[in-house]
Amino acid sequence: MPRQPRRRSYDQHCAAARALDLVGDRWTLLVVRELLAGPRRYTDLHADLPGVSTDMLAGRLKDMEGAELVTRRRLPPPASAYVYELTPRGRDLLPVLRTLAAWGAPELGEPRPTDAVRAHWYAIPLLGVLAELGAGVVQVTLDEGEFHVRIGADGSVSHGDGGVDAPDARLRTDASTCRALATGELTLDEAVASGRAALERAAAVVARA
């Protein structure tokens, strides 16, 4: 028997409508965006979703647990904190977020005075670009922070917030260049050649400015 969403349904026998029953509410896909980078504590989620109220976030997480998109578990001691993480069904939304980010990238422009910015928000739009570097782990450093992307030998990609020990490549750039890469205005080779990005593989720096 199909699961029934706790909140209101469009009541349409349509795959897109059923999907929107589960993920169409405000903030839901942005919660997915955050959890695609790995398990997060409630306080960390709230900090990286500026503008969401605590009641709204708690309600969305409860709905997402009910839809089996998210689970909550306690970390072992000494942490003893609860974290939220995506289920396999929730992680299946990565292609949706990638397509949505590609569609929305031309709308970015320069950050508005009211816009919050987090480095890892650029990870999903850049997954395809960074996958061209081949299998390995790429650490990306912006003024706003760091994130890393793992590229499998089969071309699969995943990402996480923050840096990692001994990445296979390090990319340093800025938010404006990330936007240009995401929209296709620049290729990674062009960004490096123009000096807008510096790419270091192991001990060798690739910077053809």
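From a predicted model like this one, the values you see are computed outputs, not experimental measurements. (Residues numbered from 1 in each chain as written. Predicted model: local features only at pLDDT ≥ 70, side-chain atom pairs only at ≥ 80, totals over all residues. Heavy atoms only, no water.)

This brings us to the packing of aromatic side chains. Counting across every chain of the model gives zero aromatic pairs. Over the ring of Y82 we find R72, and its NZ or CZ is 4.1 Å from the ring centre. (Phe/Tyr/Trp six-rings, centres within 6.5 Å; stacked < 30°, edge-to-face > 60°. Lys NZ or Arg CZ within 6 Å of the ring centre and 35° of its normal.)

Turning our eyes to something else, we now look at the pattern of salt bridges. Scanning all chains against the criterion turns up nine salt bridges. With a shortest N-O distance of 3.0 Å, E34 and R40 are connected by a salt bridge. Classification of E34 as buried rests on a relative accessible area of 0%. Put simply, D115 and R112 hold a salt bridge, and the shortest N to O gap is 3.1 Å. Classification of R112 by relative accessible area gives exposed; the value is 56%. Linked by salt bridges that have partners in common, R33, E34, R40, D48 and R118 make up one network. (Salt bridge = Lys/Arg side-chain N within 4 Å of Asp/Glu carboxyl O. Buried < 20%, exposed > 50% of the residue type's maximum accessible area, 1.4 Å probe, protein only.)

The next subject is unusual backbone geometry. Omega for the bond connecting P77 with P78 falls within 30 degrees of zero, at 10°, which places this linkage in the cis form. With respect to the helices, strands and loops of the structure, P78 is situated in the loop between β1 (70-74) and β2 (82-86). Positive phi, close to 55°, is recorded for D11, a residue that is not glycine. Among the secondary structure elements, D11 is positioned in the segment before α1 (15-23). Although it is not a glycine, W27 adopts a positive phi angle of roughly 85°. Structurally, the position occupied by W27 is in the loop between α1 and α2 (28-35). Taking relative accessible area as the criterion, W27 reaches 14% and is therefore assigned buried. (Helix = DSSP H or I, 4+ residues; strand = E, 2+ residues; numbered from the N terminus.)

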